[in-house]
4 protein chains.
Amino acid sequence: MPGSSLGHAFRVTAWGESHGPAIGVVVDGCPPGLPLDEADVQRELDRRRPGQSQLTTTRAEADRVRIESGVYHGHTTGHPIAMSVRNRDARPRDYEALSQVYRPGHADFTFERKYGVRDPRGGGRSSARVTVAHVAAGAVARKLLAKRFGTRCVGWVQRVWQISGDIVPERVTRGEVEANAVRCPDPEAAERMAELIRKAKAEGDSVGGVVGCCVHGVPTGLGEPVFDKLEADLAKAMLAINATKGFEIGSGFAGARLFGSEHNDPFTNVGGEVRTTSNRAGGVLGGISSGMPLVFRVAFKPTSTIGKRQRTVNTTGDSVTLAAKGRHDPCVLPRAVPIVEAMACLVLADHVLRHQLLGAGGARGVPAEPGSGS
Amino acid sequence: MPGSSLGHAFRVTAWGESHGPAIGVVVDGCPPGLPLDEADVQRELDRRRPGQSQLTTTRAEADRVRIESGVYHGHTTGHPIAMSVRNRDARPRDYEALSQVYRPGHADFTFERKYGVRDPRGGGRSSARVTVAHVAAGAVARKLLAKRFGTRCVGWVQRVWQISGDIVPERVTRGEVEANAVRCPDPEAAERMAELIRKAKAEGDSVGGVVGCCVHGVPTGLGEPVFDKLEADLAKAMLAINATKGFEIGSGFAGARLFGSEHNDPFTNVGGEVRTTSNRAGGVLGGISSGMPLVFRVAFKPTSTIGKRQRTVNTTGDSVTLAAKGRHDPCVLPRAVPIVEAMACLVLADHVLRHQLLGAGGARGVPAEPGSGS
Amino acid sequence: MPGSSLGHAFRVTAWGESHGPAIGVVVDGCPPGLPLDEADVQRELDRRRPGQSQLTTTRAEADRVRIESGVYHGHTTGHPIAMSVRNRDARPRDYEALSQVYRPGHADFTFERKYGVRDPRGGGRSSARVTVAHVAAGAVARKLLAKRFGTRCVGWVQRVWQISGDIVPERVTRGEVEANAVRCPDPEAAERMAELIRKAKAEGDSVGGVVGCCVHGVPTGLGEPVFDKLEADLAKAMLAINATKGFEIGSGFAGARLFGSEHNDPFTNVGGEVRTTSNRAGGVLGGISSGMPLVFRVAFKPTSTIGKRQRTVNTTGDSVTLAAKGRHDPCVLPRAVPIVEAMACLVLADHVLRHQLLGAGGARGVPAEPGSGS
Amino acid sequence: MPGSSLGHAFRVTAWGESHGPAIGVVVDGCPPGLPLDEADVQRELDRRRPGQSQLTTTRAEADRVRIESGVYHGHTTGHPIAMSVRNRDARPRDYEALSQVYRPGHADFTFERKYGVRDPRGGGRSSARVTVAHVAAGAVARKLLAKRFGTRCVGWVQRVWQISGDIVPERVTRGEVEANAVRCPDPEAAERMAELIRKAKAEGDSVGGVVGCCVHGVPTGLGEPVFDKLEADLAKAMLAINATKGFEIGSGFAGARLFGSEHNDPFTNVGGEVRTTSNRAGGVLGGISSGMPLVFRVAFKPTSTIGKRQRTVNTTGDSVTLAAKGRHDPCVLPRAVPIVEAMACLVLADHVLRHQLLGAGGARGVPAEPGSGS
């Protein structure tokens with residue numbers, strides 16, 4: 001009922017504020033026996049970490065994760081996995097001046113109205129720094145999926161402002177993505193994007209864009225109609241990421257411009273497996289994964305914090321002018337890639353487990369199970 | 001964990017198959033004292049009902065709702081409200097031929113793989129007929145919102161295929177929407193859309209499009225970060241509707257083409273109320289409603305059932321040709337409008353109640369409450 | 001969040017009032033492929049039905065169940081199973097005189113305070129008639145358990161007032177229980193109990209007692225520490241039944257009188273299976289089923305409705321005298337047996353499914369699964 | 001779905017193993033504005049702490065709590081409150097010898113069967129040390145209840161082995177309870193209990209008993225029928241505590257020995273408030289708090305770890321003899337008192353918030369709310 005948990009079977013509970021002592025997460029429901037160590041999680045946190053390149057904020061955080069429970073002798077035990085990351089470079093004083101002002105595009109006003117109290121230190125719980133928890137939990141989900149199904153989840157920057165990459169979703173590799181600071185697998189577009197981001201930064205402005213993602217090795221059958229469809233839970237997870245404004249799967253908004261005869265993906269038989277010859281559906285049919293790659297895109301607005309002067313009001317309703325100092329990303333897209341991937345992995349891990357509830361009763365009737373008590 | 005419930009506080013559990021005896025829903029969590037009768041629900045069901053115009057399927061269903069619990073002397077009691085609608089014009093035999101074929105774009109294949117069994121009668125639980133339950137439950141939510149806050153939720157057809165209406169979201173009225181069979185408030189565009197739908201039908205083809213929606217009178221403070229943000233739950237609800245492929249709120253995907261200095265909505269003081277001078281955010285900031293109108297759009301793919309011949313495979317993997325007969329909509333958009341509205345109302349009602357959990361503790365500290373036991 | 005749902009994986013949502021049009025329930029999460037028809041459910045409802053014997057209320061209800069979804073060709077489909085029973089012999093007028101009085105021991109006062117409105121017709125939603133839903137849903141759970149594990153759940157009347165049966169829990173059979181109207185497998189005690197109940201009835205009084213229950217064939221491993229322990233969820237389910245005041249498992253309150261050296265059940269090896277030589281634990285260790293029979297007891301208070309004159313107050317606070325007419329059971333114990341069994345089956349079915357979440361990851365590591373997408 | 005969360009609105013997620021680095025808990029859903037600091041939590045942890053007296057284990061743990069999020073300037077913010085306690089005196093090596101043996105009465109066998117892996121270090125997650133989390137979270141709930149309603153929750157040791165205190169539940173004060181190491185408010189009985197516990201310890205044996213609890217200042221209306229009745233959720237919470245075997249409320253099992261005419265609590269008018277002249281109901285009617293004090297009891301089995309020699313089997317099924325060394329409590333009752341109180345407070349806080357969902361719609365219709373957006 002409160003909002004800091006995600007998932008039902010693979011259940012994540014996140015906590016922490018941007019400039020509090022730490023950010024953390026508890027993963028409950030991870031099955032026992034999964035090999036897991038801190039390096040698995042650190043690898044993903046390093047991709048989200050601030051200060052990776054000149055394109056990101058200068059806040060210096062090593063973001064070292066500690067696993068505090070749920071792992072024994074290098075394997076998960078089936079019990080809650082608690083992880084946390086200390087905030088080292090918190091500078092709460094940077095924000096004192098902002099405690100009486102509603103920053104445009106930020107949650108200052110809505111948090112204050114909702115809770116009657118607001119932690120102004122870097123936005124407190126409304127800061128994108130809370131996604132440290134998402135990425136840490138997502139690393140566990142990613143490991144589970146990789147181990148069971150060989151699942152690979154690859155995100156990339158598809159567009160920055162009005163610059164689009166020329167990309168075939170199913171072919172993108174992580175290597176191509178990590179090859180440049182923008183995380184766009186089209187190197188030529190990546191260069192233009194980087195230039196634009198630097199220019200926006202220099203001008204005290206910011207830019208948004210679109211992250212694309214393709215998940216290979218998704219088992220058939222994930223998703224729980226009529227409400228917990230796979231694409232529904234994916235959409236929720238993506239719109240829960242800070243600064244997102246849209247989600248589309250497969251053909252998305254563009255698909256609505258086609259005729260049905262153009263849009264339907266024909267089924268075919270590929271070596272005994274039922275597949276489709278195209279993938280406008282994006283890997284789901286009727287809310288359930290089809291075995292084709294999941295392909296989706298997420299829109300991010302331009303960073304709300306900008307150096308340019310803006311008009312706004314303060315908490316007493318007076319009109320004021322604001323020009324941000326502090327440390328921030330002129331474009332969140334490069335660091336958003338691992339966050340999008342993490343959220344996708346969390347949704348998939350949850351649905352993998354939920355699908356198991358149909359258990360032996362799935363395609364195979366309801367036979368007696370081994371280990372029964374009678 | 002199973003997928004037929006939506007919401008936490010205003011909780012909906014849906015049941016029923018397209019060609020089974022009935023479709024129904026249980027609404028648990030509606031507060032007591034709300035005036036409610038069957039006419040409130042019937043009004044919305046009539047807008048979703050098949051056979052309203054020449055643009056929809058010819059299946060003849062009166063869709064008369066019965067309320068079977070939770071209402072006493074014309075008011076809700078605080079207990080579960082059970083509602084059901086009989087299926088009258090079910091023709092299960094129409095579908096016998098299809099029980100061995102995977103229809104392209106439909107859930108036949110994924111349902112069969114997931115559950116090991118499939119009800120081929122009109123798609124069973126994968127049919128859009130299940131949205132009778134969504135609309136019935138949504139009518140209760142709509143009444144609650146209207147009564148408490150004067151909330152008005154207005155959806156419309158924004159686009160069909162490549163034909164877009166010229167529409168200002170905040171100004172659309174239900175009267176304009178209901179003025180034509182397409183439910184597009186731009187009458188000139190509506191006419192061209194109707195023509196296109198008739199043409200697609202004549203050619204055995206289908207078209208998709210985009211539904212827009214604007215909710216007025218949303219109280220400030222709804223949404224539960226960090227995961228159950230208002231736009232996240234809206235996105236989920238919309239992607240849970242049959243045939244949807246995308247969701248965007250406020251500036252959406254187009255907003256990602258702007259600079260931050262262009263995108264941020266400046267705050268201003270309007271007669272003592274904090275408002276924004278523009279609404280690119282679409283009514284939410286940081287996952288919480290800002291008091292500005294909620295504005296969002298939902299993409300629908302073209303109807304998967306088409307009369308044109310299509311290639312597919314049957315359950316034994318053989319290649320076959322399919323040409324649908326049966327009864328279906330060449331374009332679901334006009335009937336999708338009340339479904340989108342219903343889902344939005346369900347999400348909002350849930351968040352109105354969840355916000356109450358902060359209770360007296362919200363903006364006003366934690367005072368003693370009246371009626372305490374000590 | 002509202003209170004009419006039970007279970008997470010095998011999820012039950014109940015609805016209906018004592019003198020409304022019907023009582024119903026939706027079971028969501030039952031795996032597909034389970035053989036199920038109305039007779040399976042009716043059999044259990046017939047054991048709960050009023051008017052079975054002279055010991056029960058004279059309200060005449062056939063309690064015929066209808067299954068309205070989720071079953072196709074005699075097997076569950078994996079989708080919600082909606083069931084309902086019409087109320088035929090409702091006599092709402094019998095209760096008009098009571099609408100202004102708080103009946104001692106009943107929920108009239110608390111319902112009115114909680115909801116601000118009360119349905120006085122037989123107690124509305126506070127009536128034990130709502131357990132029709134529990135028994136109907138429990139019948140599905142029972143079938144699932146029987147089919148998968150050969151589970152047998154046998155309840156009985158252990159005590160009425162101060163008359164106790166001489167009973168060995170593990171040896172009771174359903175045949176012995178159903179052999180008399182009291183449902184006490186000790187025939188001599190049953191006779192004295194029946195006599196006492198008739199006497200209480202004649203005197204306008206009522207009696208309570210204790211129901212015992214033993215479940216054979218419970219697979220090892222059910223229960224989810226640290227909060228959703230098997231005995232915790234059983235305790236909850238039992239205290240959710242109308243008129244219950246206590247729950248104990250295994251040695252229960254009496255076990256607290258022993259020394260540890262007397263109480264511990266020694267482990268032993270029985271043909272390669274680890275078992276205990278005694279069962280003071282009652283079938284659970286650390287919140288998880290051990291493979292030994294589950295043995296527990298539930299205390300029921302004497303029926304609150306009595307013919308004798310009682311002092312109480314009315315809704316305006318005036319002191320009044322009350323002497324019930326209407327129809328009621330002088331002792332709920334005999335009809336409580338199938339309700340206790342049903343609730344136990346619901347808890348077990350939920351935990352059977354939840355245990356599956358550990359899946360292939362349980363005792364056997366996390367291997368690749370068949371049917372994976374890669 | 002996994003089992004380490006409790007509550008829906010006031011939601012607790014616990015983590016940690018007995019001999020891992022730490023034990024912790026996340027409280028999500030605590031309303032903002034509640035004054036809270038570490039001393040509030042420490043006070044309760046100190047009552048649960050090992051080594052308080054000669055009657056408890058000699059494990060030396062200061063159990064210092066750290067609050068890591070959700071509190072700002074000494075008040076809760078409405079965001080998750082993360083708390084943790086380091087394990088200082090862990091001695092994992094003490095348990096190496098036990099890793100191949102199933103200790104009678106313990107969860108070694110069931111954990112191993114359920115998870116396929118077991119952390120033998122002090123029982124890992126099955127240890128009662130995990131209740132550090134319960135007590136820490138309960139301290140927050142207690143503060144919320146005290147602040148809003150003046151609620152006082154007082155538990156005590158009612159019985160140890162066969163020695164019962166002479167106690168009137170409604171009159172017990174915390175001062176009387178804390179006056180001796182046994183936490184029995186009957187000083188004479190306390191002395192005999194202490195003597196017995198010392199004797200049991202000396203003999204390498206253990207004893208169980210019964211904890212009683214009375215909660216004053218419970219507002220009327222808490223509890224959500226038909227399943228989430230207040231006593232049902234209390235029963236669950238109590239049976240989730242390690243070593244518990246029974247729960248009863250009000251008259252409990254003894255009440256089942258009375259006639260209805262003896263058992264019903266008559267209503268009366270006390271200065272304009274509806275009260276009952278007796279409290280055999282124990283503070284609940286129909287699953288909802290009546291405004292009378294909550295009175296309940298919980299049975300604890302004798303500690304399973306004993307020094308006396310016991311027969312058991314090892315993991316390969318061979319018969320072995322076991323005599324515990326290590327550190328343990330010969331009687332858990334004195335330290336169980338704050339745990340029982342904590343769990344009661346968690347259940348009540350959850351139901352206080354859930355009751356708010358009926359909101360303005362409760363006894364007062366559904367009026368427009370202040371701060372609405374229209």
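Higher on the page you've got the structure.
Predicted model, so just to flag it, every value in this text is computed and none were measured.

As for its placement among the helices and strands, R103 of chain B is situated in the loop between β7 (81-86) and α2 (108-115). Judged by relative accessible area, which is 10%, R103 of chain B ranks as buried. Expressed as a C-alpha distance, the spacing of R103 of chain B and H79 of chain B, which sit 24 residues apart in the sequence, is 41 Å. Residues within four places of R103 of chain B in sequence aside, it is in contact with F267 of chain A together with L98, D108, G123, T305 and L322 of chain B.

Rotating chain D by 180 degrees and moving it 0.0 Å along the rotation axis overlays it on chain C with an RMSD of 0.0 Å. Interpreted geometrically, this transformation is the action of a two-fold axis. For chain D, the smallest separation between a C-alpha atom and the rotation axis is recorded for K236 of chain D, amounting to 2.4 Å. Here 100% of the interface residues in chain D have copies in chain C that are interface residues too; the copies meet face to matching face.

What follows covers the interface of chain D and chain C. Taken together, the 110 residues of chain D in the interface contact 110 residues of chain C. Here chain D and chain C share an interface that buries about 8,800 Å² over both sides, 62% of which is from carbon and sulfur atoms. When the buried area of chain D at its contact with chain C is split by residue, M1, K114 and F227 of chain D rank highest and sum to 11% of it. Between the two partners, chain D and chain C, sit six salt bridges. The salt bridge involving D228 of chain C is made with K236 of chain D; its shortest N-O contact spans 2.6 Å. Between the two partners, chain D and chain C, sit 45 residue pairs in polar contact (both at pLDDT 80 or more). Class assignment for the residues of the side of chain D that touches chain C results in 49 nonpolar, 38 polar and 23 charged. Pairing analysis gives three bridges linking strand β11 (residues 244-249) of chain C to strand β11 (residues 244-249) of chain D, with the strands arranged antiparallel. Following the sheet pairing, E248 of chain C is matched in β11 of chain D by G246 of chain D.

So, about the interface of chain A and chain B. The parts lose accessible area when they come together, and the size of an interface is often stated as this lost area. In this assembly, 110 residues from chain A lie in contact with 110 residues from chain B. A combined buried area of about 8,800 Å² lies between chain A and chain B, and 62% of that area is made up of carbon and sulfur atoms. The largest contributions to the chain A side of the interface with chain B come from M1, K114 and F227 of chain A, which together make up 10% of the buried area. Counting every contact that joins chain A to chain B gives six salt bridges. Between E224 of chain B and K114 of chain A there is a salt bridge, and its shortest N-O distance comes to 2.9 Å. Between chain A and chain B we count 45 residue pairs in polar contact (both at pLDDT 80 or more) in total. Within the side of chain A that touches chain B, the residues separate by chemical class into 49 nonpolar, 38 polar and 23 charged.

What follows deals with the sheet that holds strand β4 (residues 65-67) of chain C. Residue and element names in this part refer to chain C. Reading across from one edge, β1-β2-β3-β7-β4 is the order of the five strands in this open sheet, with antiparallel pairing throughout. With partners counted over all chains shown, the strands left at the sheet margins are β1 (5-6) and β4, one partner each. As defined by bridge partners, β1 adjoins strand β2 (residues 11-16) across two bridges and the pair is classed as antiparallel. Bridged to S5 within β2 is T13. The strands that helix α3 (residues 131-149) touches are β2, β3 (22-28) and β7 (81-86); relative to β3, the one it contacts most, it runs at about 35 degrees.

It is worth spelling out the pairing of strand β18 (residues 319-322) of chain B at this point. One ladder, built from four bridges, connects strand β17 (residues 310-313) of chain B with β18 of chain B; its direction is antiparallel. Considered in β18 of chain B, the bridge of R311 of chain B is made with T321 of chain B.

In this structure, R297 of chain D sits in strand β16 (residues 294-300). At a separation of 2.8 Å, a polar atom in the side chain of R297 of chain D contacts the side chain of E248 of chain D. Within the structure, R297 of chain D has its side chain in polar contact with the backbone oxygen of G250 of chain D (distance 2.5 Å). If sequence neighbours within four positions are ignored, R297 of chain D has contacts with F253 of chain C together with V210, V211, G212, G246, F247, E248, G250, S251 and G252 of chain D.

Relative orientation of the contacting elements helix α1 (residues 38-48) of chain D and helix α9 (residues 333-356) of chain D amounts to 140 degrees, with a least axis distance of 7 Å. Here α1 of chain D contributes E44, R47 and R48 of chain D to the contact with α9 of chain D, which in turn contributes R335, V337, P338, I339 and E341 of chain D.

Right, let's talk about the sheet that holds strand β2 (residues 11-16) of chain B for a bit. Residue and element names in this part refer to chain B. Spatial strand order, β1-β2-β3-β7-β4: five strands in an open sheet with antiparallel pairing. In this open sheet, the two edge strands, each paired with only one partner strand, are β1 (5-6) and β4 (65-67). When strand β3 (residues 22-28) meets β7, the two strands line up antiparallel, connected through six bridges. Counterpart to V25 in the pairing with β7 is M83. Here helix α1 (residues 38-48) sits on the sheet in contact with β4 and β7, set at roughly 150 degrees to β4.

What follows deals with the relation of the copies chain A and chain B. Placing chain A over chain B gives an RMSD of 0.0 Å and needs a rotation angle of 180 degrees, together with 0.0 Å of translation along the axis. Of all interface residues in chain A, 100% are interface residues in chain B too; the two copies therefore contact each other through one and the same surface.

The subject of this paragraph is the pattern of salt bridges. For the structure shown, the criterion picks out 117 salt bridges over all chains. Between D40 of chain C and K143 of chain C there is a salt bridge, and its shortest N-O distance comes to 2.9 Å. Pair noted here: D40 of chain C is in helix α1 (residues 38-48) and K143 of chain C is in helix α3, with a separation of 103 residues, a long-range link. Among the residues examined, D40 of chain C registers a relative accessible area of 11% and is labelled buried. Ionic contacts of the salt-bridge type, sharing partners, join the residues E44, R47, R142, R174, E178, R183 and E341 of chain A into one network.

What counts and how
Residues numbered from 1 in each chain as written. Chains lettered and ligands numbered in written order. Predicted model: local features only at pLDDT ≥ 70, side-chain atom pairs only at ≥ 80, totals over all residues. Heavy atoms only, no water. Helix = DSSP H or I, 4+ residues; strand = E, 2+ residues; numbered from the N terminus. Buried < 20%, exposed > 50% of the residue type's maximum accessible area, 1.4 Å probe, protein only. Contact = heavy atoms within 4.5 Å. Least-squares fit on C-alpha atoms with pLDDT ≥ 70 in both. Buried area = accessible area lost by both parts, 1.4 Å probe. Salt bridge = Lys/Arg side-chain N within 4 Å of Asp/Glu carboxyl O. Polar contact = N/O pair within 3.5 Å; in protein donor to acceptor, adjacent residues only side chain to side chain. Nonpolar A, V, L, I, M, F, W, Y, C, P; charged D, E, K, R; others polar. Pairing = 2+ DSSP bridges. Axes fitted to C-alpha atoms, helices over the stretch in contact; angles between N-to-C directions.

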